[in-house]
Amino acid sequence: MPGEAVTLQLGHYSGCVGAHWWGLQAAALRSPAEPAELRAAALLRFGRGPGGPETPTPRLVALELKGGVGSLRADGAGTEPPVSWDGAVADYRDRAPAGGCAPRDTGSRRGDAAGDGKGNPGAAGPGAAPAGSQDAPSVRLWSDYLNVHLHPKSVYVIRQYLHDGDCGCLEAFGQGESLLQDPACVEELEDRLHFYVEECDYLQGFQVLCDLHNGFSGVGAKVTELLHDEYSRKGILTWGLTPVLSTVGDPQNSFYRLMNTALGIAHLSRHSSLFCPLSLSGSLGIKPQPPVTFPYIKYDASLNYHSSAILAAALDTLTAPYRLWSFQGSMMHFADSLTFSGRKAVAAWAALPLPALSGSSLPDTLSAHQQDVPWKLLSSWREQKVSCCFAQSVVLRGICKEKATSSCPGQPRSPLHSCESPEQVLQQYLHTQFPGAYSTSHVLQQPCDTRPPFPQFFSPLLTSRGFLLDKAQGSSSAGVESIPVLAALQSSPVLHSLLSGLCRDLRARNARRCSSFFTAGVEQDDFQEALEELKTLSQCYETGFGADGSEDEADSD
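Read on for an overview of the structure.

Cut-offs applied
Residues numbered from 1 in each chain as written. Predicted model: local features only at pLDDT ≥ 70, side-chain atom pairs only at ≥ 80, totals over all residues. Heavy atoms only, no water. Helix = DSSP H or I, 4+ residues; strand = E, 2+ residues; numbered from the N terminus. Buried < 20%, exposed > 50% of the residue type's maximum accessible area, 1.4 Å probe, protein only. Contact = heavy atoms within 4.5 Å. Areas by Shrake-Rupley, 256 points an atom, 1.4 Å probe, with all protein chains shown as cover. Phe/Tyr/Trp six-rings, centres within 6.5 Å; stacked < 30°, edge-to-face > 60°. Lys NZ or Arg CZ within 6 Å of the ring centre and 35° of its normal. Pairing = 2+ DSSP bridges. Axes fitted to C-alpha atoms, helices over the stretch in contact; angles between N-to-C directions. Parallel < 35°, antiparallel > 145°, perpendicular 65-115°, else oblique. Left-handed = near helix turned anticlockwise from the far one by under 90°. Nonpolar A, V, L, I, M, F, W, Y, C, P; charged D, E, K, R; others polar. 1 Å grid on protein atoms, 1.4 Å probe; cavity = no way out; pocket = protein on both sides within 12 Å on 5 of 7 lines; lining within 4 Å. Points joined across faces, edges and corners; volume = space filled by probe spheres on them. Salt bridge = Lys/Arg side-chain N within 4 Å of Asp/Glu carboxyl O. Core = buried A, V, L, I, M, F, W, Y, C linked by side-chain atoms within 4.5 Å.

1. Observations concerning the overall build of the chain
Each helix and strand in the chain was counted, giving twelve helices and 15 strands. Residues classed as buried in the chain amount to 58% of the 557 residues present. When contacts within the chain are restricted to residue pairs at least 6 apart in sequence, long-range pairs at least 24 apart make up 82% of them. For the chain, the computed accessible surface area is about 23400 Å², with 50% contributed by carbon and sulfur atoms.

2. Here's the deal with unusual backbone geometry
Along the chain, Leu352 connects to Pro353 via a cis peptide bond; the corresponding omega equals -10 degrees. Structurally, the position occupied by Pro353 is in the loop between strand S9 (347-351) and helix H8 (362-367). Omega for the bond connecting Pro452 with Pro453 falls within 30 degrees of zero, at 15 degrees, which places this linkage in the cis form. Tracing the sequence through the fold places Pro453 in the loop between strand S13 (448-449) and strand S14 (482-483). The phi dihedral of Ser341 falls on the positive side, at around 60 degrees, and the residue is not glycine.

3. Quick word on the packing of aromatic side chains
Overall, the coordinates contain eleven aromatic pairs when judged by the stated rule. Consider the rings of Trp21 and Trp22, whose centres lie 5.6 Å apart with planes at 20 degrees: the pair is stacked. When the ring of Phe454 is compared with that of Phe457, the centres are 5.8 Å apart and the planes differ by 85 degrees; the resulting orientation is edge-to-face. This pair shows no difference in class: Phe454 is buried, exactly as Phe457 is. A network of ring pairs unites the aromatic residues Trp349, Trp375 and Phe434 as a single cluster. Over the ring of Phe390 we find Arg343, and its NZ or CZ is 3.8 Å from the ring centre.

4. Points about the sheet that holds strand S5 (residues 155-162)
Sheet architecture is open: six strands sit in the order S5-S4-S1-S6-S7-S8, paired in parallel fashion. Across the chains shown, the open sheet's two edge strands, defined by having one partner strand only, are S5 and strand S8 (274-279). With strand direction ignored, the average angle separating the axes of adjacent strands in the sheet is 15 degrees. Inspection of the sheet shows strand S7 (residues 235-242) paired to S8 by six bridges, in the parallel sense. The partner of Leu237 across the bridge, within S8, is Leu274. Each of strand S1 (4-10), strand S4 (60-66), strand S6 (203-211) and S7 touches helix H1 (residues 12-30); the most contacted strand, S6, lies at about 130 degrees to it. Of the strands in this sheet, S1, S4, S5, S6 and S7 touch helix H4 (residues 216-230), which is tilted by about 165 degrees from S6.

5. Focus: the sheet that holds strand S12 (residues 438-444)
Across the sheet, which stays open at both edges, the five strands sit in the order S10-S9-S15-S11-S12 with mixed pairing between neighbours. The open sheet has two edge strands, strand S10 (376-377) and S12, and neither has a second partner. Both S9 and S10 contribute to a ladder of two bridges, which runs antiparallel. Bridge assignment links Ala350 to a residue of S10, and that residue is Lys376. Contacting strand S11 (391-397), S12 and strand S15 (485-491), helix H9 (residues 422-433) crosses the sheet at an angle of about 145 degrees to S12.

6. Details of the packing of helix H3 (residues 183-198) against H4
Contact geometry for H3 and H4: axes closest at 12 Å, N-to-C directions at 55 degrees. Of the possible angle classes, the one that applies to H3 and H4 is oblique. Here H3 runs over H4; the crossing is right-handed. Contacts between H3 and H4 involve Val186, Leu189, Glu190, Leu193 and His194 from the first element and Val223, Leu226, Leu227 and Glu230 from the second. Its residues placed into classes, the contact of H3 with H4 shows six nonpolar, one polar and two charged.

7. Looking at the environment of Ala487
Mapping Ala487 onto the fold places it in strand S15. Under the relative-accessibility criterion, Ala487 is labelled buried at 1%. Between the C-alpha atom of Ala487 and that of Ala351, which follows or precedes it by 136 residues, the distance is 6.3 Å. Non-local contacts of Ala487, meaning those with residues more than four positions away in its chain, are made with Thr317, Leu318, Trp349, Ala350, Trp375, Ser393, Val394 and Val395.

8. Quick notes on the environment of Gly436
Its location among the elements puts Gly436 in the loop between H9 and S12. We classify Gly436 as exposed; its relative accessible area is 77%.

9. Quick word on empty space enclosed by the protein
The final tally for this structure, using the stated rule, is four cavities of 30 Å³ or more. The space that makes up the largest cavity amounts to roughly 80 Å³. Lining the largest cavity are His20, Gly23, Leu24, Ala27, Arg30, Asn147, Asp449, Arg451, Pro452, Pro453 and Phe454. Across the lining of the largest cavity, the residue classes tally to five nonpolar, three polar and three charged.

10. Here we look at the pattern of salt bridges
Under the definition given, this model contains ten salt bridges. Residue Arg45 pairs with Glu199 through a salt bridge whose shortest N-O separation is 2.6 Å. Within this pair, whereas Arg45 is found in strand S2 (residues 44-48), its partner Glu199 is found in the loop between H3 and S6, the two being separated by 154 residues in sequence. Take Arg45: its relative accessible area is 16%, and that puts it in the buried class. Between Arg397 and Asp316 there is a salt bridge; the shortest N-O distance is 3.0 Å. Taken together, the positions of Arg397 in strand S11 and Asp316 in helix H6 (residues 304-318) put the pair 81 residues apart, joining distant regions of the chain. Per residue, the accessibility class of Arg397 equals that of Asp316, and both read buried. Within this structure, Asp316, Arg323 and Arg397 form a network of salt bridges that share partners.

11. Notes on the nonpolar core
Residues Leu8 and Leu227 are the most contacted members of the largest nonpolar core, which totals 93 residues. Leaving out residues up to four positions away in the same chain, Leu227 has contacts with Leu8, Leu193, Phe206, Val208, Ser232 and Ile236. Of all hydrophobic cores here, the second largest spans 75 residues; its members include Ala19, Leu38, Phe294 and Phe454.

Listed below in C-alpha cells is the structure:
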C-alpha cells in the first residue's frame, strides 16, 4: 500500500494546475474504478466536520500572493457558504453587448500568451479555439474553478507582493529567496508542513509544484532546500511549471524570465529527488516558440484555465505509479529508478488523448503506432523524434484491459498480439521503441476524467469516452467525459538540448547589464555557479553522437 504525500503549490500558475489536479481527484472519488486502482488517501486527507459528512481535502500547502486567491476565504477553507434569505428578491439583468456575446475573462496574467508583457491582451496561439466556442466559465483565478474544499492550513497568502499589477509583483528569483529567509515566513511554512506530516501514517515524501518563470522560482529553491535538510530520507518530486509564453513582450521581462528559469532549474534539481519542467510553451529560452498542439484538442493557449488542465491531466497520469494500491516502494524509489548517474532532471511526454478506436484492443491500438509513439513533449523543447532514452516510467490508462485479442480480423497479427497480459503488451511495445532503455510501465483500467470543471475543448471526432469516431459527430451536449492517456517520464537526451540551450541564451547576453535583477538579492558568483551546475547537468544527458538523440551509445551504468 502506498504511503502519503504532502503537496506544495508555489505560485499562481502552479495553483491553476493544482486546481484541475484536485478536481481530477474529486472526480475519481465520485466514480471509483472497481476495484479501486489508485489510493485516494495518498494525496487526500479525510476528516469529518462537526455533525457533517466525511470530507476529503488535499494534503496541501499553497503559497499565493495578495489578490491571487479570489473567492477563497481568508483561512483558505473554500468559498463562503450561501446565506439564506427569506425576503423579496428582485432580478436585474445586464443587456448583452452588441454582437450577442457576453464578455469573458481570459484567465491570464502578465507574461502569459494573452499579454504583451504590459498587461495588454494578445491573440490566442495556434490551435486555439475561437472565442466563445467553448463551455469555458468566466475565470480569472484558479480559485474560480477549484471544486474541492481546502483545509484552513492550506493557503498561505504572502502579503508583501501583489498577484498582478504594474508594480509590487514577485518578479525576480532573489525576491523569492529573500521571502524564505524571513524567520516569520519560515516558521509559518514549517507549522503548516508539520501539521500534515504528523498526521501521516507513512510519509512517502513531497510533491512540489513551482512556477519557474517568476520570483516563485526563488521561493521554490528555498522550500526544497528546507525539505531536503529536514526530510532527507523522503522523496521530493518537483515540477517546474511555466504558462504558455507570449511571443511579444518587453525584452527586460523576457530576460528576467530566462534568469528565473535557469536559476530555478539549477536550485530545484540540486535539492530534489527528481525535477521535471512542465509547460506547453515551445521553448523556455529567450525566444518563445509556438505552443504544443494536440490532434484532438483545440485549446486556447492564452488561457491558463486551458493549458493548466492539459498539464494536470498529464501530471495525474505521470504520478500514478506511487499512488497505486499495489505499489510496494516509495516516491524515493520511484525517483531513483529514473535519476541514476546524476540525471536529476526528466522530460515529460503525453498523448492526450491516446488515439484509439472505440472497442479496439490494446495490441491493435499500439500496433497502429509502430513508427512513432503518438505522444507530445511537455518539457518545453522543439518537437523532435527521440529514439533513445536512458530510463523511463510509462503509464497507460483508459484502454479496456480485458480485450487482448484483435478486433480487426483482417489485420495481420503483430508480436504484441502474442502477449498474455496488457502489461506484457506495453512492455513489448516499449522494448521495440526504446531498445536498451530501463523501462517500468503500468496499465490502468481507470481513464482520466474530463467532466467539468475540466474544459470541453475536444475534437468532435471523439466519443464521450475519448475514443475515435470514423467521422465527426457534430456538437454533442454530452461532451467528453473521460479520455485514455499514455504518458511517460524519461531520462532523455532531450534534456541536454534544453539545458545547454538555456546556458547559451544566458551567456550570449551580458547578465551584468541587468543590474536590477541582481539588486533583488542574487550575487554574481551565485549566478555563475548556477550556470555551471546547468552545464554539468546537461552533460549527463550526452550520448556521444550529438544532442539530438538520433544515435545512442551504450550507457555506462
